[in-house]
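# A look at the structure
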Amino acid sequence: MMKWIYTGLLLLFLLQASYATAVQVKLTIPIIIGSVHEVEGLENSTLATSNFGLKFLIPVAPDTLWGLGASLFNARAGDGEGVSPGYESTLSAFMFQAGVDYSGIEIFQGYRLVVDLTVEFPINGEGRVEDSNGDKVSEAKSISGTGLYLGTGVRWGSIEGGLFYKQNDLSYGDLTTPRDPNKEIAIHSSAYGIFLAYLF
C-alpha cells in the first residue's frame, strides 16, 4: 500500500513542477526482449518482472538534463519444475532514480540522439514467500541493493524510442524459505529490450 501512496505523491509533485518551471517530466515504459537472472534462496528459479519509471528532467547545461525520479519494480520468482516442496515469491521495489539525459547530437532535422544513464536505489519494497498451497511462509522486513539503467534512442518532439539495458541487484531482508531459513532471497537480473518514453 505504501508504495502506491509514494508513487501517487511523487507523480503529483512532478506534474505540478512541470507546469510551474522549465522542468520536464519523462514517463518511460521498457519492453523486455531478453533477460538473464539468478534468484538466491530458490532452486532452478523462474523470474517474471515488470517495470516503469517516472522522473523530472532539470536543465543543467545545453542539451544536458539532470534526472530525478522513481521507478516501480515488480517480480514473481519461484522454484523451477521438479523442485519439491516448491515455493513462490512476490516481490516489489520502489526505486529512487538519479541520472543524466544527453541529447546534443541531431541526426536529422527534428530528430535527436538521446542517451539516458540512470542509477537506482530502493527506498521501499515488499516481499512475500508462499508455499504450494498459497500460504505465507515469510515476509520481507527490509530491502537493499542497486539498479542501473542505460538507454539510447531517438527523440522526436516529446516522444522517445530506442534500446535499453537494465540491471537490478536487490536483497530482501528476512525473506526466506523453510528449506533454507538462513538464506535470504535476492534477485540478480539483467534485461534488454526497447523503450518508449513521453516528455510532458
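Structurally, phenylalanine 94 is set in strand S4 (residues 88-108). Judged by its relative accessible area of 5%, phenylalanine 94 falls in the buried class.

A separate point is the pairing of strand S6 (residues 136-139). Note: strand S5 (residues 111-130) against S6, three bridges, orientation antiparallel. Its bridge partner lying in S6, valine 129 is registered against serine 138. A loop of five residues connects S5 with S6, the two strands running antiparallel in sequence, and glycine 134 in this loop sits at a positive phi of about 85°.

Attention now moves to the side chain of serine 71. Within the fold, serine 71 resides in strand S3 (residues 64-78). Under the relative-accessibility criterion, serine 71 is labelled buried at 1%. At a separation of 3.0 Å, a polar atom in the side chain of serine 71 contacts the side chain of glutamate 120.

Counting 17 residues, the largest nonpolar core has Ala93, Tyr172 and Leu175 as its most contacted members. Listing elements by their share of this core, those giving two or more residues are S3, S4 and strand S8 (159-173).

Enumeration according to the criterion identifies one cavity of 30 Å³ or more in this entry. Its boundaries defined by the atoms lining it, the largest cavity holds a volume of some 120 Å³. Around the largest cavity sit 13 residues that line it, and Thr28, Gly53, Gln97, Glu120 and Tyr149 are the ones nearest its centre. Elements supplying a minimum of two residues to the lining of the largest cavity: strand S1 (24-40), strand S2 (46-61) and S5. Here the element with the most residues in the lining of the largest cavity is S2; it accounts for five residues.

Moving on: the layout of surface pockets. When its volume is computed, the largest pocket comes out at roughly 190 Å³. Ile32, Ser35, Thr49, Ser189 and Ala191 are the residues nearest the centre of the largest pocket, which is lined by 16 residues in total. Take the lining of the largest pocket: its biggest share by element is five residues, from S2. Each residue belonging to the lining of the largest pocket can be placed in one class, and the counts come to seven nonpolar, eight polar and one charged.

Taken as a whole, this structure holds 14 salt bridges when the rule is applied. Here glutamate 160 makes a salt bridge to lysine 26, at a shortest N to O gap of 2.9 Å. One end of the pair, glutamate 160, is in strand S8; the other, lysine 26, is in strand S1, and 134 residues separate them in sequence. Comparing glutamate 160 with lysine 26, the two get one shared label, buried. Residue arginine 179 is joined to aspartate 79 by a salt bridge in which the shortest nitrogen-to-oxygen separation is 2.9 Å. Here arginine 179, found in the loop between S8 and strand S9 (186-199), pairs with aspartate 79, found in the loop between S3 and S4; they are 100 residues apart in sequence, far enough to count as distant.

Conventions adopted
- Residues numbered from 1 in each chain as written.
- Predicted model: local features only at pLDDT ≥ 70, side-chain atom pairs only at ≥ 80, totals over all residues.
- Heavy atoms only, no water.
- Helix = DSSP H or I, 4+ residues; strand = E, 2+ residues; numbered from the N terminus.
- Buried < 20%, exposed > 50% of the residue type's maximum accessible area, 1.4 Å probe, protein only.
- Pairing = 2+ DSSP bridges.
- Polar contact = N/O pair within 3.5 Å; in protein donor to acceptor, adjacent residues only side chain to side chain.
- Core = buried A, V, L, I, M, F, W, Y, C linked by side-chain atoms within 4.5 Å.
- 1 Å grid on protein atoms, 1.4 Å probe; cavity = no way out; pocket = protein on both sides within 12 Å on 5 of 7 lines; lining within 4 Å.
- Points joined across faces, edges and corners; volume = space filled by probe spheres on them.
- Nonpolar A, V, L, I, M, F, W, Y, C, P; charged D, E, K, R; others polar.
- Salt bridge = Lys/Arg side-chain N within 4 Å of Asp/Glu carboxyl O.

What is shown is where atoms sit, not what they do.
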